[in-house]
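# Survey of secondary and tertiary structure
Each chain, written out:
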Amino acid sequence: MRKAAVIGGNRIPFARANGKYARASNLDMLTTTLDGLVARFGLADERLGEVVAGAVLKHSRDFNLTREAVLGSRLAPSTPAYDIQQACGTGLEATIAVANKIALGQIESGVAGGVDTASDAPIAVNEDLRKVLVALNGARTLQQRLKLLGKLRPGQIVPEIPQNSEPRTGLSMGEHAAITAREWGVSREAQDELAALSHQHLAAAYDRGFFDDLVTPYLGLTRDDNLRPDSTVEKLARLTPVFGKGDGATMTAGNSTPLTDGAALTLLGSDEWAAAHNLPVLARFVDAETAAVDYVHGRDGLLTAPVYAVPRLLERNGLTLQDFDFYEIHEAFASTVLATLAAWEDPGFAKERLGLDAPLGSIDRSRLNVAGSSLAAGHPFAATGGRIVSTLAKLLHEKGSGRGLISICAAGGQGVVAILEAAA
Amino acid sequence: MSNDRFRDFSNGGIAKRLGVPRIPVLRRYAPGQPLLDGPALVAGSGRFAKSVAALVTEEGGTVVDEVGEGRVAAVVVDLTDATTLDDLAAARAVLQPAVRALAPSGRVLLLGPSPSEASGVEAAAVAQALDGLVRTIAKEARAGATANLLVVDAEATPAAVDSSVRFFLSARSAYVDGQVVHVGVPVGSPQDPPALDSPTEKRLDGRVAVVTGAARGIGAAIADTLARDGARVVAVDIPAAGESLVAVANRTGGTALQLDITAEDAPARLVAFLTERFGRLDLLVHNAGITRDKLLANMDAERWDSVLNVNLRAQLRITEALLDSALLGDGARIVSVSSQSGIAGNRGQANYVASKAGIIGMVRALAPVVAPRGITVNAVAPGFIETAMTATMPVATREGGRRINSLRQGGLPVDVAETIGWLGQAASGGVNGQVVRVCGQSMIGA
């Protein structure tokens, strides 16, 4: 089976919530990002095989978000599109969907990614009120209607606001991550160090023009506004912990990702399609794996599913954890990355939980998130996958050889991981 | 873009009764438009008169050989064989009634011999006399009419002047006035003219064009105009201008390239991009430019360097890299945007003026060097062009800039773009090393 080619990408700079993009909708951002991709690759009026994207925080009116974005873009309106949603795994899962169809020969080209806004978030009608209104809509007689109207109460005016917490545990993602951090003894210093590196790497990548053909400015923003190029371990050490309790609390606003708005997309295609359009092949999409853990009743942490997904992916591809030139591990929290690496290094965990004779081992940390990651760029949930795939593909293209591993944790105890290799 | 309230007022009924001089509304090109809105008087006994008449007829126009009752939309006098004062007197006899009968936005186009090729002193004097004559006709012309002169080398054939005659007769040259353009034997090997349904349209069909500074203003107009005429446009601008660059690229069906042209690796990145995506380049438009105004007495090195780096050094480096690559072939064209300030100098703009004058030097030096490869290099020098920048000028400064030219108004970005479109055609190989002002015959630097 042929492997899908990663041709390039486009994203808008990520903006901290309630900031520059406070008034931009998911549809605005996704359409703009798509148009930027069209301009970069000269695809005006082109019919692509498929556009697949999604959003985690989504208005009910956006039931056909991606198709609407296509219709609002310069792509040919004959380009089909559909939405998917797998929490923070959305962007990468969309890429898998497009890459698989290309590999199967069902389509020759496609765009994958996602968008999210934590600013323009949907606010729903109070659940009690909603039930009354639904019944009212179905009522046939005046009598029935009057009876239902009598059920309206002042308290029903309080809206449902989306919560950043797990429905089954009531804990926020940060609180879950704090539990895992404590389990693995992830130190505050190690987290701050990872966060500072993320900022420094991202700033350096911008400075050398790395993002000139990956990012298009939007609404006056030319770089991710969460980026602190002068971030240091010392500065980060001054912050007060916000997740976890007591003296052992280590997670701060500095080593956790902020709520962010943004969108990212990746262009994929067959080698033939790329050649016919004189477009480069930066990398090839090799394989992917998803995993899920029982964080509700079991022993696993909410964001630890990639720990299970990666060994399965490696085994299927006959690779070891050390066979990679780049590691793109999504920095939901600095502690998540460090706990994931610790789990792969732990012999006991390997034996008891992963069912392996030996642990996967450690990685060369100089190959980790070398162009920065979510701690610096921010993390608009569904946009992160597209950011990472495009970034890694370009890194591999610059190097001219080798392969890269992507690992993204997601709400609901899920994880999506993938392998890219440089185009020969 | 043209928010010229005085022009609009001057065309109203009240202004007429008050005796306010009327500012003409210039005829500008739109696809499908005829070359001329009325008959053309074609006169003179040079070797081009016949082919010019044929060209006008081919475009669906009417040719007359003397002025009759009505107005004429154009007057073309072929004086390429003029050598004596008697020949000059004959030209007067043709032009005198003709300029009287000239329609609004009419065209006067003279074709004359090159003074440097003149076979005697009187012939040289006559050739030079045409230069002054055409500039005067331009100053006397009314209602948006223009006058220009093509100085044609003895060995140039009618095919060599074809694209220039079309340009100067058409509405595309609306704001090009009082200009003298030299036309020689076309560079490179003879090109088959592209088969076109309508000879004035799509004259850049399929040509790959790079436009720097394309995100806004004149650069965006250049991208639009080249695309309208069939070019495949690569719109280049700094990464920070990416959002508007996308809009330009997508509305022209072209490609956006975010590139800081002053970056060390910018020439290499541009060459790599064009090699991969197009495999060739037919038209390079150096348009990107910045200003950092200060009197020379207060000019620091940072201001000087930033302007020179964008406006001149980047052009030199990119041109060199492209000429070293295999991308620019026979028929390729390079057009650089200079400025009226580069000709006249301008208070408070020593850095800008140096860069824009430098462009003229670059063009003149490069033209003979690349001619054997079939490549031409020319410059356009805009005068007062109505852009977002001029819209923020103080009213008095803006009004002054607008009115001190023969057309008594500012030009539009599209006027600069149309001129580049003409120089960018494969068929314009006879025009090389020229600086064409797009200024409505501004008095500044004239």
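Residues numbered from 1 in each chain as written. Chains lettered and ligands numbered in written order. Predicted model: local features only at pLDDT ≥ 70, side-chain atom pairs only at ≥ 80, totals over all residues. Heavy atoms only, no water.

If you look chain B up in an unreviewed UniProt entry, it shows as 3-oxoacyl-[acyl-carrier protein] reductase from Pseudonocardia oroxyli. Per UniProt, chain B has the following entry under Sequence similarities (unreviewed entry): "Belongs to the short-chain dehydrogenases/reductases (SDR) family." (UniProt positions renumbered as here; feature names shortened; annotations may be inferred.)

Per an unreviewed UniProt entry, chain A carries the name Acetyl-CoA C-acetyltransferase and comes from Pseudonocardia oroxyli. UniProt's Sequence similarities (unreviewed entry) comment on chain A is quoted here verbatim: "Belongs to the thiolase-like superfamily. Thiolase family."

### A closer look at the domain arrangement of chain A
Domain annotation of chain A identifies domain 1 (127-157) and domain 2 (173-209 + 286-422). The C-alpha centroid of domain 2 of chain A is placed 49 Å from the C-alpha centroid of domain 1 of chain A. (Domains from an automatic or database assignment.)

### A few points about the UniProt feature "active site" (unreviewed entry) in chain A
All names here are of chain A. In the numbering adopted here, UniProt assigns the feature "active site" (unreviewed entry) to Cys88, His379 and Cys409. Considering the C-alpha atoms alone, the annotated residues occupy 322 residues of sequence yet fold into one spot, their largest mutual distance being 12.0 Å. The residue cysteine 88 is located in the loop between β4 (81-83) and α3 (90-104) in this model. With residues near it in sequence (within four places) discarded, cysteine 88 still touches Val56, His379, Phe381, Ile408, Cys409 and Ala410. (Helix = DSSP H or I, 4+ residues; strand = E, 2+ residues; numbered from the N terminus. Contact = heavy atoms within 4.5 Å.)

### Here's the deal with the UniProt feature "domain: Ketoreductase" (unreviewed entry) in chain B
Here, UniProt's "domain: Ketoreductase" (unreviewed entry) annotation points to residues 207-383 of chain B. Here residues 207-383 of chain B runs as 47% helix and 21% strand, with 28 Å between its end C-alpha atoms.

### Notes on the environment of glutamate 127 of chain A
Positionally, glutamate 127 of chain A belongs in helix α4 (residues 127-138). Taking C-alpha positions, glutamate 127 of chain A is 20 Å from leucine 146 of chain A, a pair spaced 19 residues apart along the chain.

### Description of the domain arrangement of chain B
Residue and element names in this part refer to chain B. When cut into domains, chain B gives domain 1 (23-183) and domain 2 (208-438). Just the C-alpha atoms count here: the centres of domain 1 and domain 2 sit 28 Å apart. Listed per partner, the contact involves 24 residues of domain 1 and 28 residues of domain 2. Roughly 2200 Å² is buried in total at the junction of domain 1 and domain 2, and carbon and sulfur atoms are behind 55% of that figure. The salt bridge partner of arginine 172 is glutamate 418, with a shortest N-O separation of 3.6 Å. Connecting domain 1 to domain 2 are 10 residue pairs in polar contact (both at pLDDT 80 or more). Where the side of domain 1 that touches domain 2 is concerned, the elements lending two or more residues are α5 (121-140), α6 (158-169) and β6 (180-183). Looking at the side of domain 1 that touches domain 2 residue by residue, the classes come out as 15 nonpolar, five polar and four charged. (Buried area = accessible area lost by both parts, 1.4 Å probe. Salt bridge = Lys/Arg side-chain N within 4 Å of Asp/Glu carboxyl O. Polar contact = N/O pair within 3.5 Å; in protein donor to acceptor, adjacent residues only side chain to side chain. Nonpolar A, V, L, I, M, F, W, Y, C, P; charged D, E, K, R; others polar.)

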